[in-house]
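# Overview (structure and organization)
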Amino acid sequence: MLLKVATTAGPAIYSVVRRYGPQIRQLIQENPELFDTIKTRITSVSQAGKGSRGVDGLQARIGVLREQTTYLYASANNVGVAEQATAWRHELDALDSALPVIGAMSSTQRRQQIRSLEKTIDGLSAQILALTLEDDIEDAEIIDDE
């Protein structure tokens, strides 16, 4: 069931779920709420901005990713994860700062810029969600070990 959810979210999430499949199955059996948490996180990232097009959709997606980076930073188990979350947050802030400029562009430039930003945000989404899921799995394993 989790593979089905991960398939809709994209290849990066699918690979994380496949890699951690046995651990995820065991953790879900021991802690069914973990599945709901993971499913909610995947769904929120993959559905962000779907109802809106253009700059509004991009802003919605950036907002959800900011929430994920904040969560990731707060729950980081090591310095590397915290630093990566901070770097992504700065990148998201820069993308958000660029959005007002798009309105001043010609329609052709605007479409090209929006497509470019969508690809960038797609890549960030996959990376952020993958690391968030890995962190969730590690957190659950650490709690079980105690």
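Described below are features of the structure shown in this document.

Rules of the game
Residues numbered from 1 in each chain as written. Predicted model: local features only at pLDDT ≥ 70, side-chain atom pairs only at ≥ 80, totals over all residues. Heavy atoms only, no water. Helix = DSSP H or I, 4+ residues; strand = E, 2+ residues; numbered from the N terminus. Buried < 20%, exposed > 50% of the residue type's maximum accessible area, 1.4 Å probe, protein only. Polar contact = N/O pair within 3.5 Å; in protein donor to acceptor, adjacent residues only side chain to side chain. Contact = heavy atoms within 4.5 Å. Salt bridge = Lys/Arg side-chain N within 4 Å of Asp/Glu carboxyl O. Core = buried A, V, L, I, M, F, W, Y, C linked by side-chain atoms within 4.5 Å.

## Remarks on the side chain of Thr-132
Among the structural elements, Thr-132 can be located in helix 7 (residues 107-145). Overall, the relative accessible area of 0% leaves Thr-132 in the buried class. A distance of 2.7 Å separates a polar atom in the side chain of Thr-132 from the backbone oxygen of Ile-128. In this structure Thr-132 touches Arg-41, Gln-68, Tyr-71 and Leu-72, once residues within four positions along its chain are discounted.

## Digging into the pattern of salt bridges
In the structure shown here, the tally under the stated rule is four salt bridges. The salt bridge partner of Arg-61 is Asp-122, with a shortest N-O separation of 2.5 Å. In this pair, Arg-61 is assigned in helix 5 (residues 54-74) and Asp-122 in helix 7, connecting sequence segments 61 residues apart. The salt bridge involving Arg-66 is made with Asp-93; its shortest N-O contact spans 2.9 Å. Of this pair, Arg-66 sits in helix 5 while Asp-93 sits in helix 6 (residues 79-102), and the two are 27 residues apart along the sequence. The class of Arg-66 is partly exposed, set by a relative accessible area of 22%. Through salt bridges that share partners, Arg-66, Arg-89, Asp-93 and Asp-96 make up one connected network.

## Side note on the nonpolar core
If you look at the biggest cluster of nonpolar residues, it comprises 29 residues, and the most contacted ones within it are Leu-65, Leu-92, Leu-95 and Leu-124. Those elements that provide at least two residues to this core are helix 3 (21-30), helix 4 (32-47), helix 5, helix 6 and helix 7. Leu-65 has contacts with Val-45, Leu-92, Ile-121, Leu-124, Ser-125 and Ile-128, leaving out every residue within four places of it along the chain.

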